[in-house]
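# Fold and contact review
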Amino acid sequence: MLNNQLILFLSQIFNGLKIGSVYSLVALGYTMVYGIIRLINFAHGDFIMVGSYVLMLITPMLIASGVPAWVAVIPAIIVCVIVGVVVEKAAYKPVRKKGNSMTALITAIAMSLLLENGAQAVFGADYKTIPNILNLPAIKFGALRITGDTLLSIVLGIIIMIGLQLFIKYTRNGKAMRAVAEDKEAATLMGINVDSTITLTFAIGAALAGVASLMYCAAYPQVSPMMGAMLGLKAFVAAVLGGIGSIPGAMIGGIAIGIIESLTTAYIGTITGGIITSAFSDAIVFGILIIVLLVKPTGLMGKNLGEKV
């Protein structure tokens, strides 16, 4: 029989794995875009917000029609891909051709604010609830209970990471992405369409955000215009921790941040009588970012590449 302390610990580990899987998917989007054009797409977290609003609108109609609610993830992915491609074509492509790294960073922040304020103008600033999307049975190991959406989030995260690794390593488009990331000029001379490759990278990253919106809303069934801001920042920390530019690193970083956040909220909050809350756990996450940048700026699995001059 498992004692109560062990049950609590294991429960928090699985909670961390659940939210960590969401962070991992968002971090994968960050790391793919950064790996190919050296841009931190701060609007990426807001793609999850876009997908979540699509789920909020589509799910009730599907339920009323007798269609499984999880099917709403398909239009969510499609809309996220469209938004991601439009953002890349309308905002990032012109800056990439005429601007510099600073203007690209400012543009990314501006696009994030545009998406957030646009959603607020359309849907209002209040939180809105989403009907139950996944009705999966929980699994019990004695007194330990693991929800179905937790297991699905973990499994989906692992499958997507493996799929991305295989895609980038073995497919024609994946090899083109690696070539563009290594040297854009040489890739162009080899006949690779650099702009199309970059657009495909944004589309894949946005599609991952659509899947992450399903996983997040299944765990936390509410949506607001600002939901993607903190989620995106934590995923960015996960990408830096794992080594931005590394797909396995993004997955490991997301899981690590999720577990640290869950354990911090559960244990330190209990010890301090509730003084340390989930809000303070956010500060701990960003403290990890500072430590990583000081101790190992390339992250756990990142490579220290020399700067071209």
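In this text, all values refer to a predicted model and were calculated from it rather than measured experimentally. (Residues numbered from 1 in each chain as written. Predicted model: local features only at pLDDT ≥ 70, side-chain atom pairs only at ≥ 80, totals over all residues. Heavy atoms only, no water.)

With that settled, the discussion passes to the pattern of salt bridges. Side chains carrying opposite charge are able to pair once their charged atoms draw close together. Applying the stated criterion across every chain yields a total of three salt bridges. One salt bridge in this structure joins D149 and K18, with 3.7 Å as the shortest N-O distance. Here the residue D149 occupies a position in helix α5 (residues 148–170), and K18 occupies one in helix α1 (residues 4–37), the gap between them amounting to 131 residues. Pair check on accessibility: D149 and K18 agree, each one buried. The closest approach of N and O atoms between E261 and K234, which form a salt bridge, is 2.5 Å. Of the two residues, E261 is situated in helix α10 (residues 247–271) and K234 in helix α9 (residues 227–242); the sequence distance between them amounts to 27 residues. (Salt bridge = Lys/Arg side-chain N within 4 Å of Asp/Glu carboxyl O. Helix = DSSP H or I, 4+ residues; strand = E, 2+ residues; numbered from the N terminus. Buried < 20%, exposed > 50% of the residue type's maximum accessible area, 1.4 Å probe, protein only.)

A few words now on a nonpolar patch on the surface. Residues M102, L105, I106, I109 and L113 make up a contiguous nonpolar surface patch of roughly 440 Å² in combined accessible area. By the element assignment, L105 lies in helix α4 (residues 101–123). (Patch = residues over 30% accessible without salt bridge, like charges linked within 9 Å, V, L, I, M, F, W, Y side chains within 5 Å. Areas by Shrake-Rupley, 256 points an atom, 1.4 Å probe, with all protein chains shown as cover.)

Inspection of the secondary structure puts E116 in helix α4. K234 provides the closest opposite charge to the buried, salt-bridge-free E116, at an N-O distance of 14 Å. Among all residues touching E116, those that are not within four sequence positions of it are D46, M49, P225, M226 and A229. (Lys, Arg positive; Asp, Glu negative; His and termini not counted. Contact = heavy atoms within 4.5 Å.)

All right, on to the packing of aromatic side chains then. Scanning all chains against the criterion turns up five aromatic pairs. Pairing Y53 with F123 gives two aromatic rings, centres 4.1 Å apart and planes at 10°, and the pair type is stacked. Linking Y53 in helix α2 (residues 44–64) with F123 in helix α4, this pair joins segments that are 70 residues apart in sequence. With relative accessibility at 24%, the residue F123 sits in the partly exposed group. Measuring from centroid to centroid gives 5.5 Å for Y92 and F202, while their planes differ by 45°, and the two rings are tilted. Residue Y92 is located in helix α3 (residues 73–98), and its partner F202 is located in helix α8 (residues 194–219); the two are separated by 110 residues in the primary sequence. A connected cluster of aromatic rings, assembled from ring pairs, spans Y30, F42 and F236. (Phe/Tyr/Trp six-rings, centres within 6.5 Å; stacked < 30°, edge-to-face > 60°.)

Relative orientation of the contacting elements α2 and α9 amounts to 140°, with a least axis distance of 7 Å. One element, α2, and the other, α9, form an angle in the oblique class. Crossing angle aside, the handedness with which α2 passes α9 is right-handed. In this structure, α2 contributes G45, D46, I48, M49 and S52 to the contact, and α9 contributes M227, G228, A229, L231 and G232. (Axes fitted to C-alpha atoms, helices over the stretch in contact; angles between N-to-C directions. Parallel < 35°, antiparallel > 145°, perpendicular 65-115°, else oblique. Left-handed = near helix turned anticlockwise from the far one by under 90°.)

So, about the nonpolar core. Side chains of nonpolar character tend, in soluble globular proteins, to be buried together. Judged by nonpolar contacts, the single largest core of 81 residues is most densely connected at L25, L28, L39, Y92, I133, L164 and I257. Looking at which element gives the most residues to this core, the answer is α8, with 14 residues. For L39, the residues in contact, after removing those within four places along its chain, are V33, Y34, Y92, A104, L105, A108 and F202. Formed by five residues, the second largest nonpolar core is a distinct cluster that contains I13, L17, I255 and I259. (Core = buried A, V, L, I, M, F, W, Y, C linked by side-chain atoms within 4.5 Å.)

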